[in-house]
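Okay, here's what each chain looks like letter by letter:
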Amino acid sequence: MLEIHNLHKSYPIGESSLHVLKGIDLKVDQGEMVAIMGSSGSGKSTLLNIIGMLDEADSGEYILDGLPIKNLTEKKAAVYRNKFLGFIFQSFNLINYKNALENVALPLYYQGMKRKERNELAMFHLEKVGLANWAHHLPKELSGGQNQRVAIARALAANPKLLLADEPTGALDSKTSHEIMEFIQQLNDEGKTILMVTHEEDIANMCKRIVRLRDGVIVEDKFVEQVRLKQQYV
Amino acid sequence: MFDLDLWREIVQSINKNRTRSLLSGFTVAFAILLFTILFGIANGLQNTFKEAFGTDANNSIVIFSGRTSKANKGLQAGRKIQFKNEDRQFILDEYGDKVQFITSKVNKSASASYKGEKGNYELRGVHPEYMFIENNVIDKGRYINQQDIDNKTKVVVIGKVVEDDLFFKENAIGKYINLSGIPYKIVGVFTDDEGDSEESVIYMPISTTQFLYGNNDFVDLIHLTYNPELNNDQALSFGTDLTKSLKERFSVAQSDQRAIRLFNMAEGTKQVEIMTMSLTFIILIIGFGTLIAGIVGVSNIMIFIVKERTKEIGIRKALGASPKSIVSIILLESILITAIAGYVGLLVGVGVLELVGPSLKEYFIKDPGVSNSLVIGATITLIVAGAIAGYLPAKKASQIKPIVALRND
């Protein structure tokens, strides 16, 4: 599904540069649910951004679904992001003047799907996250948990191969966090590959595999006993 | 290609940010408003200029004679040059294709009387063509005709003022007016919209005037209109050629400025043309400057908008928006705002001109207004202006890195 070899990344800071990723090797298979952990500054977000094609590595190899990701033009990166990846952010990143349905339909719009079709599909995904009745509400009219579920529906809308979540529960209270995690587990059960950055131990334990980063290198990579949450949604 | 979804996105974005869009539109609307009003006023001034030259045919050439100021071909300086009937024919023979109407003219003054009412008026002996040169309008009866010239008939055509002075409410046609002791039959009454002085004139067949005032074939001046198909430069060179050949005909030195003088309206027309052209030029510069200020205003606000929407643009990019789609969304928004606001300015401007136009007449501004071609030109300019205003911000937006935009604040 995803293969990374000897990945390096550094950011210029004035005259010198900060070496953030110092040779990462990672292999993720179809259907895995991986938590990337580490303290702040360990490079976990940078790694996720590179995987998400939001940032480019200085050197090393990155192969996504058999496709080498290298020297992408902006246009090509946009197409790949749209086709392969679904993003879930800590701060939801919904467009505030669009209602839930329009937000979910946005990736489909960029795929060039017809309005009627994409609205139907967006509605289907909203139903899946249990927010069909809130389809015409603006983000500010929804709670944090609801917003994150809209964001998940949006990430799923384009039927991506890989779901990337950057601290998906970071802005939520623990009850809502568990609801969201439960939903993500359910998506994983359905076969979606999920990669998640978190610094919360209990959230990480709800995944199947934990990769620990420290100072730009992987210090631990282990499969764990997944903490299951009780099924609440269908 | 018309992309309904793209426009829906843009309209939604404008709609959600009404104040912002209104503000950016305002500068453009104001610029176009100013431009329209200025342009309308300039048009009004031009109309006034055109009118100031009166309804006299503005392709007139008048030729006077005087005394020579230089000796030439053995002839003394101070010799009097006298035009005669044959000179009109000479001009027709030489320049027939360049002449529209031509008349010789004898100027006298006459004390006229009818049944005890008296008045002093200008008397002009003319050919029938003079009516078209002076743009007289026959109120009653007829003008002088060729038969009158041939038969030296004692008929006159009088101006409206003369009729009012001498005949009160009576109809002057068919009556006999006494000019310096000789009765003339009135065959016509004319009006002239240049005013009273031009209507206090009595016209007589030139042959009659020559016969009764001196019994000679002397002519005071020759008045003609050049072929209206001549352009300004051609008309000017026609005037020069005409002067030259008349000087030769009368053995006058070419450098003699006094013996034969020619006034060509084409010179005035040229000056008016230059004046209106420079006026238009000034107004175009002012209008253009205002428009540029408007563009800079929109551009500024669009840059601000892009900054404000950085996060949104980042999200769109993360979801698969191509740089092209980001550029078009910002560019089209800018064009839409500029075009709509500009049109509002144009409409308001035209409305203001319509409203206050009539009351500006006393300030030498007549019928101010803008032409259709200007409106079409302005529309194109606005779209181009919107594109220019939106280009930099759109470029900036397309270069936004989603990773920077999405960084948690």
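Residues numbered from 1 in each chain as written. Chains lettered and ligands numbered in written order. Predicted model: local features only at pLDDT ≥ 70, side-chain atom pairs only at ≥ 80, totals over all residues.

Some thoughts on the sheet that holds strand S10 (residues 217-223) of chain A
Residues and elements named next belong to chain A. Ordered by their spatial adjacency, 6 strands build an open sheet running S6-S7-S8-S3-S9-S10, and the pairing between neighbours is mixed. For this open sheet the edge positions go to strand S6 (85-88) and S10, each flanked by a neighbour on one side alone. Direction aside, neighbouring strands of the sheet carry axes that sit 15° apart on average. Summarising the sheet, strand S3 (residues 33-37) and strand S8 (residues 193-197) pair through 4 bridges and their orientation is parallel. Looking at the pairing, Val34 lines up with Leu195 of S8. Contacts from helix H5 (residues 144-157) reach S6 and strand S7 (162-166) within the one sheet, and its direction differs from that of S6 by about 170°. (Pairing = 2+ DSSP bridges. Helix = DSSP H or I, 4+ residues; strand = E, 2+ residues; numbered from the N terminus. Axes fitted to C-alpha atoms, helices over the stretch in contact; angles between N-to-C directions. Contact = placed C-beta atoms within 7 Å.)

Focus: the confidence of the model for chain B
Scored by pLDDT, chain B comes out at a mean of 83, with 94% of its residues at no less than 70. We note a pTM of 0.65 for the whole complex and an ipTM of 0.89 for its interfaces. (pLDDT = per-residue confidence, 0-100.)

Some points on the nonpolar core
Judged by nonpolar contacts, the single largest core of 115 residues is most densely connected at A:Val34, A:Ile36, A:Val104, A:Leu164, A:Leu195 and A:Met196. Here the element with the most residues in this core is helix H12 (residues 323-356) of chain B; it accounts for 11 residues. Apart from the residues lying within four places of it in its own chain, the contact partners of A:Met196 are A:Val34, A:Ala35, A:Ile36, A:Ala165, A:Pro168 and A:Cys207. Ranked by size, the runner-up nonpolar core spans 48 residues in total, among them B:Leu123, B:Val156, B:Val189 and B:Val201. (Core = buried A, V, L, I, M, F, W, Y, C linked by C-beta atoms within 7 Å. Buried ≥ 20, exposed ≤ 12 C-beta atoms within 10 Å, placed from the backbone.)

Considerations on the sheet that holds strand S1 (residues 2-13) of chain A
Residues and elements named next belong to chain A. Strand order in the open sheet made by the 4 strands is S2-S1-S4-S5, with antiparallel pairing throughout. Each of the sheet's edge strands pairs with one partner strand only, and the pair in question is strand S2 (16-28) and strand S5 (67-68). Bridge count for S1 against strand S4 (residues 59-64) is 5 bridges, and the pairing is antiparallel. Bridge assignment links His5 to a residue of S4, and that residue is Glu61.

A few points about the packing of helix H1 (residues 4-16) of chain B against H12(B)
Packed helix pairs are characterised by how far apart their axes lie and by the angle those axes make with each other. Residues and elements named next belong to chain B. Between H1 and H12, the shortest axis-to-axis distance is 10 Å and the interhelical angle comes to 65°. Along this stretch, H1 crosses H12, giving a crossing that reads as right-handed. Judged by residue contacts, Leu6, Glu9, Ile10, Ser13 and Ile14 of H1 engage Ser328, Ile329, Leu332, Glu333, Leu336 and Ile337 from H12. Class assignment of the residues belonging to the contact of H1 with H12 gives a composition of 7 nonpolar, 2 polar and 2 charged. (Left-handed = near helix turned anticlockwise from the far one by under 90°. Nonpolar A, V, L, I, M, F, W, Y, C, P; charged D, E, K, R; others polar.)

Quick look at helix H11 (residues 310-318) of chain B
Counting along an α-helix, one turn takes 3.6 residues, and residues three or four places apart therefore face a common direction. Along H11(B), 7 of the 9 residues are buried, which leaves the element largely enclosed by surrounding structure. Contacts made by the buried residues of H11(B) are with helix H2 (74-84) and S6 of chain A together with H12, helix H13 (372-398) and helix H14 (402-405) of chain B.

As for the environment of B:Ser325
Residues and elements named next belong to chain B. As for its placement among the helices and strands, Ser325 is situated in helix H12. On the basis of neighbour count, Ser325 is assigned to the partly exposed category, with 19 C-beta atoms found within 10 Å. The spatial distance from the C-alpha of Ser325 to the C-alpha of Leu6 is 8.5 Å, given a sequence separation of 319 residues.

Details of H2(A)
By the burial criterion, the buried members of H2(A) are A:Ala77, A:Ala78, A:Arg81, A:Asn82 and A:Phe84. Buried-residue contacts for H2(A) involve S4, S6, helix H3 (100-110) and S7 of chain A together with H11 of chain B.

What about the interface of chain B and chain A?
Taken together, the contact between chain B and chain A spans 16 residues of the former and 21 residues of the latter. Counting only elements with at least two residues in the side of chain B that touches chain A, the list comes to H1, H11 and H14 of chain B. With 4 residues, the top contributor of residues to the side of chain B that touches chain A is H11(B). Taken together, the residues of the side of chain B that touches chain A break down into 8 nonpolar, 4 polar and 4 charged.

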